Each structure stands twice: as C-alpha cells, then as structure tokens.
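Architecture and fold: a report
Spelled out, the chains give:
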Amino acid sequence: MYTPDEWEDFIREWVTALKESYVQIKRLGGAGDKGADIAAFKTDRQFEGAWDCFQAKHYSEPLGFAAAASEILKVFVSVLEGAYTLPDSYQFLAPRGLSTQFNMLVSKPTALRERFLVRLVEGDTLVKGLDAGTTDAVRSAAERTDFAMFRSVEVLDALTTHSHTRWHAARFATSLPARGDSEIPPGEYTPDEARYLQQLLAVYAERRPDKITTLDSVANVPKLSSHLQQQRVRFFRAESLKAYSAAAVPPGTFEELQEDIHAGVIDVAEGDHADGYARLGQVLTQVGSLDLNRHKLIGVTDIDDRKGVCHQLANEDRLIWVEEA
C-alpha cells in the first residue's frame, strides 16, 4: 500500500502520459495546497489560465460524497479568494476507488450539483467556519458551474495509462519496454561528435604521424579507419540508449550508469600507458568487465553501449586518451 506522498507521486507520473498537452505539471499536495494536489497547466499563465486539477484522496476506504464535498467546497472558496481560476476539470483518484453511491452520483453532474447545493445551508457541517456571505457566494458560483468538471478516475485505467510512462518499470519492477534499433552513424560527422572525434584523431596521429593529420586522412590507414568507424557506431549506440532512457526509466537513471562507468574506468585511464591507443584499448577492455547489474538499464545494454558511454565521457573531456604535453 502506498503512503499518501507515494500516491501523489504516482498520480503526477500518470498525468504525464495523458493525451492533453500540458505546459507544466506541479505536485502541490500538503498544507496550503488549496485543494490542488496535482496541478496541470495548459498555458504559461498557470493558475491564471486553463488548467486541470487532480486530487489524490488516499483513504483506507472508498471515497464517499462527504469527503469529496469538502474538496469541492475548497475549490469554490479558493476561486473566490483569487487563489486560482476554476479548473477545466477536477479529477478524484483514490486507491480504493469511489463508493458505489458516490461513483453513481459523480456520473450524473446535475445530480451532483444539486446534492452539493443542498449542503450549503447554515448549520451543515460542510460549511462550518464559513460566514454567510462566503456560503452565498459559493452557492451562486456552484449554480453557474457545470459539475461535469468533477470526475473520477478508475485505478485500473490509471495503471494502464501509467504503463506508458518512464516511471512504470521502476515503480512496479516490471521489464523495460523493447529498446528498438540504435541510430546508425551518418556519413558526415556531426557537431555533437566533435570532441570525442578530436580525441580519437589525437590517438591516431600519435600512432601514425606520417600518415594522419586530419580525420579524413585516417582513411589512409585501413586498420585505423575501421577502428574509427567502430567507435562511431559505439558512440551512437550510447546516444540511442540515452534517448531510450528518456522514455523508459526515471530521470537520472542513464546518468547514474554513466557515473558508475566513469568511476570504474578512470583509474585505468589515468594510469601509465605506452600511448593513447593503448590507453583507449585498456579502458574499453575494462568497461566490459564492470559489474553494473544494479542498474535498471543494464538489461537492455550490451558491451558496445558500455564502450560508447566511454566515448560520451571523452566527448565531455571526462576521459582523455592522449595526455597534453
């Protein structure tokens, strides 16, 4: 069973997979949230523009009308206070679902409004603490509002939608989605490759200064030309893994893998070697022997991905193949 905080986290993750295009999604649950646990903004005006509200009601029993009415009241009071504009939709999500009676009621917007209005009378526990003027203002606003904006979300539907998010596999310990084919290196070098290619050129020029001065001249040495193409394939495999991670795992997962690879090879990279080619070779050998099983991505990662990460690190100057004089 989730804690209230975990339930709100789950809902925020779920919202990211909805078809609606949101400018920003904020988790606001807690004291002073004005009845807006999760706010999904449709414009950069945020609370001053169009938005949807998602309310996490984490109870041990199904959510009933009495508890929901308090939240509905809070919405109208907050609008009257100027805390925000009325949301386009206000959706209840409860781990135990809604009670049968309330589920029926929320499915009939007109009846839900009438039931709510009945409670807006002096002496009713719903309006305890509200002055008569505020209660009247809430009644007037509610009478003008289409209560179809108040909806419920079935837990099973939320789970199905959540399965399309980058958090699902980690949260529910399921297998990662199929990764698909990696990007193939284009014929022309790209700006994103500049630094690691520059480092490889230094490796090749150090070994064959008589033949290699530019990347194009690497073609003059077939063995090194083949080596260069292999490293580009590896770099683009790692780039594809990074892009895949953005849809399949929580933020930071790929970066954690990168960090462990860096920690696992840096001592080898900074050791003494005959030349840069030997240093590069030893690092690429070392990365294949690292125990990375704690990482969620390792199940969709092969040896060339690992080696490609080393080139990503070289692209950021975190690994250096040829020491500067």
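Our subject is the structure listed above.
These notes cover the structure that comes with them. Keep in mind that this is a model prediction, so the values were computed, not measured.

How each quantity is defined
Residues numbered from 1 in each chain as written. Predicted model: local features only at pLDDT ≥ 70, side-chain atom pairs only at ≥ 80, totals over all residues. Heavy atoms only, no water. Helix = DSSP H or I, 4+ residues; strand = E, 2+ residues; numbered from the N terminus. Rg over C-alpha atoms; globule rule 2.2 N^0.38 Å. Buried < 20%, exposed > 50% of the residue type's maximum accessible area, 1.4 Å probe, protein only. Contact = heavy atoms within 4.5 Å. Areas by Shrake-Rupley, 256 points an atom, 1.4 Å probe, with all protein chains shown as cover. Pairing = 2+ DSSP bridges. Axes fitted to C-alpha atoms, helices over the stretch in contact; angles between N-to-C directions. Salt bridge = Lys/Arg side-chain N within 4 Å of Asp/Glu carboxyl O. Arc of directions from axis to C-beta.

Quick look at the overall build of the chain
- Check the secondary structure of the chain and you find twelve helices and five strands.
- In terms of overall dimensions, the chain is more spread out than a globule: its C-alpha atoms have a radius of gyration of 29 Å, far above the 20 Å expected for 325 residues.
- Its C-alpha atoms put the chain at 95 × 35 × 30 Å along the principal axes.
- Burial status across the chain gives 44% buried among its 325 residues.
- At a minimum sequence separation of 6, the contacts of the chain that also span at least 24 residues come to 67%.
- Working note: accessible area of the chain is about 16500 Å², and carbon and sulfur atoms make up 49% of it.

Concerning the sheet that holds strand 2 (residues 38-41)
- Spatial ordering of the open sheet is given by 1-2-3-4-5, a layout of five strands whose pairing is mixed. Either end of the sheet is taken by a strand with one partner, and the two such strands are strand 1 (24-27) and strand 5 (150-152). Each neighbouring strand pair of the sheet contributes to a mean axis angle of 20 degrees, computed without reference to strand direction.
- Sheet topology note: the strand 2/strand 3 (residues 51-56) ladder contains four bridges and is antiparallel. Counterpart to Ala39 in the pairing with strand 3 is Cys53.

Description of the pattern of salt bridges
- Applying the stated rule across the entire model yields 24 salt bridges.
- Asp124 is the salt-bridge partner of Arg119, the closest N and O atoms lying 2.8 Å from each other.
- On the accessibility criterion, Asp124 (17% relative accessible area) is buried.
- For Asp260, the salt bridge is made with Arg294, and the minimal N-O distance between the two is 3.0 Å. Linking Asp260 in helix 10 (residues 253-269) with Arg294 in the loop between helix 11 (276-288) and helix 12 (303-315), this pair joins segments that are 34 residues apart in sequence.
- Look at the salt bridges and you will find they share partners, linking Asp5, Glu8, Asp9 and Arg27 into a network.

Quick look at the environment of Pro185
- Here Pro185 shows up in the loop between helix 7 (168-172) and helix 8 (194-207).
- Taking C-alpha positions, Pro185 is 6.2 Å from Phe236, a pair spaced 51 residues apart along the chain.
- Setting aside chain neighbours within four positions, we find Pro185 in contact with Arg232, Val233 and Phe236.

So, helix 4 (residues 109-118)
- For helix 4, the full list of buried residues reads Leu112, Arg113, Phe116 and Leu117. For helix 4, the arc enclosing every buried residue in end-on projection is 130 degrees, short of the 170-degree limit, so these residues lie on one face. Facing away from the buried side of helix 4, by more than 90 degrees, are the exposed residues Thr110 and Val118.
- Looking at the buried positions of helix 4, the neighbouring elements they touch are helix 2 (65-80), helix 3 (100-106), helix 5 (132-143) and strand 5.

Any functional reading would require information that these geometric values do not contain.
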